[in-house]
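Structural characterization, general
One-letter residues, chain by chain:
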Amino acid sequence: MKRMKGRIKLACLAVFAVCASLLLLADDGNIGQRATAFSDGPPPGHTGAPGELTCTNCHFGVDNGGTFTITPPANYTPGQTYQIVVRHVNADNSRQRWGFQTTALTSDTSPAGTFATLNGFTQIIGGAMLRDYVEHTVSGTFAGTTGGAQWTFNWTAPPTNVGPITFYAAGNQANGDGTSGGDRILTATATTQPTVVQPVNSPFDFDGDGKTDIGIFRPGPSEWWINRSGTSQTLALQFGASGDMIAPGDFTGDGKDDIALWRPSDGFWFILRSEDFSFFAFPFGATGDIPVPADFDGDGKADPALFRPSSTLWFIARSNGAGTQIVQFGLPGDKPMPSDYDGDNKADIAVRRPAGGNSEWWVNKSSGGSLALVFGADTDVGVPGDYTGDGKTDIAFWRPSNGFWFVLRSEDLSFYAVPFGTTGDIPTSGDFDGDGKWDVAIFRPADANWFIARTTAGTQIVQFGATGDRPIPNAFVR
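Residues numbered from 1 in each chain as written. Predicted model: local features only at pLDDT ≥ 70, side-chain atom pairs only at ≥ 80, totals over all residues. Heavy atoms only, no water.

1. Here's the deal with the overall build of the protein
Per the secondary structure count, the protein includes 4 helices and 34 strands. Considering the protein as a whole, with its 478 residues, one finds that 48% of them fall into the buried category. Long-range contacts, defined here as pairs at least 24 residues apart, represent 47% of the contacts in the protein between residues at least 6 apart. Here the protein displays about 20400 Å² of accessible surface, and carbon together with sulfur accounts for 54% of that area. (Helix = DSSP H or I, 4+ residues; strand = E, 2+ residues; numbered from the N terminus. Buried < 20%, exposed > 50% of the residue type's maximum accessible area, 1.4 Å probe, protein only. Contact = heavy atoms within 4.5 Å. Areas by Shrake-Rupley, 256 points an atom, 1.4 Å probe, with all protein chains shown as cover.)

Dropping the structure here:
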């Protein structure tokens, strides 16, 4: 009787060929070659995506619960590969065969990305409108399995940001009785958004254009001269007093560095707001401290901070309202080198230790763990920065004796060296071309020339300042 029912349905399918193309799963032994074709995977174009049908035209059955899901990444980075999981769950033991088909489209329904299989349970087929599909194979129907089924395959995102991408999928929770009746058809969609790229905050960027600005501090009259890269106009003003230490940073969180200084005689901070050139002052620190402002709490604002060499204590006035943080890290004689070495958008407490002719680097990562290594000589000066553009600070130093730069890549701790500068120069690295990578650069006091090896725009030579000036990008070089 069951075989007769199968033959009758084959006759109907021969008449209604379109309906037949919607058949997703059937039992091989009861329907013969046509059934085998569909248990080997459905025809393309039946995911429920715009312009497509699903399998409900031919498959029908009672609502017996169950779930069907597809899980792409919440966010994608262009060109990256991700594992996608399609899953059926149904506690009804009459569900004994499983199938699916899925595709990925942009908001204008164009194909998005490429698929790759990981095992024999899935396959890739092409269809109309240049769309590709992933679906089950014969072995991927998991015949006789109850409770559910799951498939995993790779999806590689498009090489560029194409906006949100939606995955469309249809699935069959079949009873495997050789008919299109009694099956459970479900659909699912899930959307992945492009990763939001945070704007790069370049160091010593006083006009907010994403580029380090050439600038000097003239100690005698406490004058600041800044050649703003966004407008090529020079900002000149007097702010501070003799003996003050420059400590610029974006203390107000507007994307522009604020002119700032710390007064060793009384421990006062003076900050000139970039928004309106009003200023505020507050006491924080004591004589002998070293100012080390940085964004330690990740709120987009520089935190006033100090390193006390006598006790190796760090005092951080966190701008996020969490109060003052006090941490002991380092030894007497260490040079404070805070920066974001682990790429979590929070500055890490770190020191460079001149010891036994070498430079030891000790980093207390804000994301957990620590890093300790030897890199450089005790006479070198530390110039850490993100020279490779991976969002993490690279340990680096400049050698005054021969003008060489040495950079330890954060990606794999390999290093490279480049000659740029000579004895008597002052290292002034920063991101002068705004490409997300720090550029090696020096200020030559003898003729007030700046030499900048821009990573994307070539070497730039600019005369700005006078002998005796302190280049602002050298503020935290030690």
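2. What about the sheet that holds strand β23 (residues 349-355)?
Spatially, the 4 strands line up as an open sheet ordered β22-β23-β24-β25, and their pairing is antiparallel. The strands lining the two open edges of the sheet, one partner per strand, are β22 (335-336) and β25 (370-377). (Pairing = 2+ DSSP bridges.)

3. Concerning the sheet that holds strand β29 (residues 415-419)
Strands pair in a sheet through their backbones, by hydrogen bonds, and they do so in one of two ways: parallel or antiparallel. Taken together, 4 strands build an open sheet; the order of strands is β26-β27-β28-β29 and the sheet is antiparallel. Strands at the two margins of the open sheet, each flanked by one partner only, are β26 (381-382) and β29. In this structure, strand β28 (residues 404-408) lies alongside β29, joined through 5 bridges in antiparallel fashion. The residue of β29 that forms the bridge with Val407 is Tyr416.

4. Examining the packing of aromatic side chains
Evaluated as defined, the whole model comprises 24 aromatic pairs. When the centroid spacing of 6.1 Å and the interplanar angle of 35° are considered together, the rings of Phe268 and Phe270 count as tilted. Counting every residue linked through ring pairs, the aromatic cluster contains Phe100, Phe115, Phe121, Phe142, Trp151 and Phe153. (Phe/Tyr/Trp six-rings, centres within 6.5 Å; stacked < 30°, edge-to-face > 60°.)

5. Structural notes on the pairing of strand β13 (residues 234-238)
Across the two faces of β13 the burial differs, with Leu235 and Leu237 buried and Thr234, Ala236 and Gln238 not buried at all. Bridge count between strand β12 (residues 223-227) and β13: 5 bridges; the pairing is antiparallel. What sits directly across from Trp224, in β13, is Leu237. Connecting β12 to the antiparallel partner β13 that follows it, the hairpin turn spans 6 residues, and Ser232 within it adopts a positive phi of roughly 60°.

6. Remarks on the environment of Asp209
With respect to the helices and strands, Asp209 occurs in the loop between β10 (184-194) and β11 (214-218). Since its relative accessible area comes to 29%, Asp209 is described here as partly exposed. Measuring from C-alpha to C-alpha, the distance between Asp209 and Ser229 comes to 7.5 Å, with 20 residues separating the pair along the chain. Leave out the neighbours within four places in its chain, and Asp209 touches Ser229 and Gly230. A polar contact of 3.0 Å, which involves the side chain of Asp209, links it to the backbone nitrogen of Gly230. (Polar contact = N/O pair within 3.5 Å; in protein donor to acceptor, adjacent residues only side chain to side chain.)

7. Here's the deal with the pattern of salt bridges
Across all of its chains, the model carries 10 salt bridges by this definition. Between Glu52 and Arg131 there is a salt bridge, with the nearest N and O atoms lying 2.9 Å from each other. Here Glu52, found in the loop between α4 (33-39) and β1 (67-71), pairs with Arg131, found in the loop between β6 (122-126) and β7 (132-136); they are 79 residues apart in sequence, far enough to count as distant. Assigned by exposure class, Glu52 and Arg131 land together as buried. Among the charged side chains, a salt-bridge network with shared partners connects Arg218, Glu223 and Asp469. (Salt bridge = Lys/Arg side-chain N within 4 Å of Asp/Glu carboxyl O.)

8. Observations concerning the nonpolar core
Judged by nonpolar contacts, the single largest core of 24 residues is most densely connected at Ile70, Trp155 and Phe167. Among the elements that take part in this core, strand β8 (residues 147-156) stands out by supplying 4 residues, more than any other. Phe217, Ile246, Leu272 and Ile472 belong to the second-largest nonpolar core, a separate cluster that totals 15 residues. (Core = buried A, V, L, I, M, F, W, Y, C linked by side-chain atoms within 4.5 Å.)

9. Re the side chain of Asn175
Here Asn175 is to be found in the loop between β9 (165-174) and β10. At 3.4 Å, the side chain of Asn175 forms a polar contact with the backbone oxygen of Gly182. Excluding its chain neighbours within four sequence positions, the residues that come into contact with Asn175 are Ser94, Arg95, Gln96, Gly181, Gly182 and Asp183.

10. Section: the environment of Pro309
The residue Pro309 is located in the loop between β19 (305-308) and β20 (313-318) in this model. C-alpha separation for the pair Pro309 and Pro336, spaced 27 residues apart in sequence, amounts to 9.0 Å. The contact partners of Pro309, leaving out residues within four places of it in the chain, are Gly288, Asp289, Ile290 and Pro332.

11. Notes on unusual backbone geometry
Phi at Ser222 is positive, roughly 55°, even though this residue is not glycine. Within the secondary structure layout, Ser222 lies in the loop between β11 and β12. With phi around 60°, Ser232 is a residue other than glycine that occupies positive phi space. Among the secondary structure elements, Ser232 is positioned in the loop between β12 and β13.

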